Amino acid sequence: MPLSDLVNTFGQDLLRRHGRRVHKVAIHAGFSCPNRDGAKGRGGCSFCNNVSFSPSAKALPDVATQIESGRRVIRKRTGAERYLAYFQAYTNTYGDVAHLAALYRAALAEPDVVGLSVGTRPDCVPEAVLDLLCALRDQGHEVWLELGLQSTFDATLHRVNRGHGFADYRHAVRAARGRGLPVCTHLIVGLPGEGRDAALTSLERVLALGTDGLKLHPLHVVRHTLLAKEWRAGGYRPLAMEDYVSIACDLIERTPAEVSFHRVTGTASRDILLAPDWCAKKWAVLNGIEAELRRRGTAQGGRAGRQIAA
Ligand code: SF4
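Here goes a summary of the coordinates provided. A quick note: this is a predicted structure, and the numbers were derived from the prediction, not measured.

What counts as what
Residues numbered from 1 in each chain as written. Predicted model: local features only at pLDDT ≥ 70, side-chain atom pairs only at ≥ 80, totals over all residues. Heavy atoms only, no water. Axes fitted to C-alpha atoms, helices over the stretch in contact; angles between N-to-C directions. Helix = DSSP H or I, 4+ residues; strand = E, 2+ residues; numbered from the N terminus. Parallel < 35°, antiparallel > 145°, perpendicular 65-115°, else oblique. Left-handed = near helix turned anticlockwise from the far one by under 90°. Contact = heavy atoms within 4.5 Å. Nonpolar A, V, L, I, M, F, W, Y, C, P; charged D, E, K, R; others polar. Near = heavy atom within 4 Å. Buried < 20%, exposed > 50% of the residue type's maximum accessible area, 1.4 Å probe, protein only. Polar contact = N/O pair within 3.5 Å; in protein donor to acceptor, adjacent residues only side chain to side chain.

1. Remarks on the packing of helix 6 (residues 166-178) against helix 7 (residues 196-209)
No. 1: Close contact between helix 6 and helix 7 brings their axes to 10 Å; oriented N to C, the two are set at 30°. Comparing the axis directions of helix 6 and helix 7 gives the class roughly parallel. In this structure, helix 6 crosses over helix 7, and the sense of that crossing is right-handed. Every residue of helix 7 that contacts helix 6 at Phe166, Tyr169, Arg170, Val173, Arg174 and Arg177 is listed here: Arg205, Val206 and Leu209.
No. 2: Looking at side-chain class alone, the contact of helix 6 with helix 7 contains 5 nonpolar, no polar and 4 charged residues.

Written as structure tokens, this is what we have:
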């Protein structure tokens, strides 16, 4: 039984709505982050890898070239025929609106690109950006706003130097969803000082405000981060895989079936991953989540054991 029988995965959601496989193509458009350049904060989030941070935009292939090469790989691997241009790296609304419009439109002009997914911080979504995204949506494109919230606890956000609070997310999600723009909320499980209860409370708060998608991620320690120093000094202990799987299943069970999961785990490449080592094994975690839901006899949306797929 595939995971998509138990969880409303974004891939299945796209397949149902578009009638064919749609896959995200990740783009690094050369954005920076206001949590590093002083606009919102300095130093960045404690878990953010700085090495590849903000390469010169000139060194990056342009959006069309990135989509073309990503598309080739994804088509071969998954058989996808349509794509969402995923502005993923760093803060993808951090720029003047004319610049953003040029980048987003360049992506949408590519063959077989049916829409956009734009990843950003909750304190970096001004009205003008929402106007732009809504205008693109009104032209018939699928447009998602991905908000990196990570935790609803201000003390945790402060501890990991996020440079924003839960109130920023509350404002951004209301503004976006108030305009009918779908939001995918990113949550990290296993942040310093947080365990199962905090993860469940964050989910509860996010669902109470309303969200259209969720992305779950275990916190991993990667090289060249403040978190790596904390971990080396014994100040941070990563979750065991069994604990992550168990908490992820708790979160999935409590999420209404209409909310799509864009991701239920995340990986880091072995060359930068320090801990936990299971974060390099995506399939072990996905299989673990599926097995645990089956063992519990549950699925997304409750304990009735209802299956997602028709
Ligand atoms: S994780 Fe995101 S918000 Fe935090 S420093 Fe890195 S790019 Fe900026």
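Now, onward.
2. Considerations on the site of the ligand
No. 1: Taken together, Cys33, Gly44, Cys45, Phe47, Cys48, Tyr90, Arg121 and Arg162 make up the full set of residues near the ligand.
No. 2: In the shell around the ligand, the residues fall into 5 nonpolar, 1 polar and 2 charged.

3. With respect to the side chain of Glu146
No. 1: In this fold, Glu146 is placed in strand 4 (residues 142-150).
No. 2: On the basis of relative accessibility, which here comes to 0%, the residue Glu146 falls in the buried class.
No. 3: Among the polar contacts listed, one links the side chain of Glu146 to the side chain of Ser117, at a separation of 2.7 Å.
No. 4: The contact partners of Glu146, leaving out residues within four places of it in the chain, are Lys24, Tyr86, Ser117, Val118, Gly119, Thr120, Cys184, His186, Lys215 and His262.

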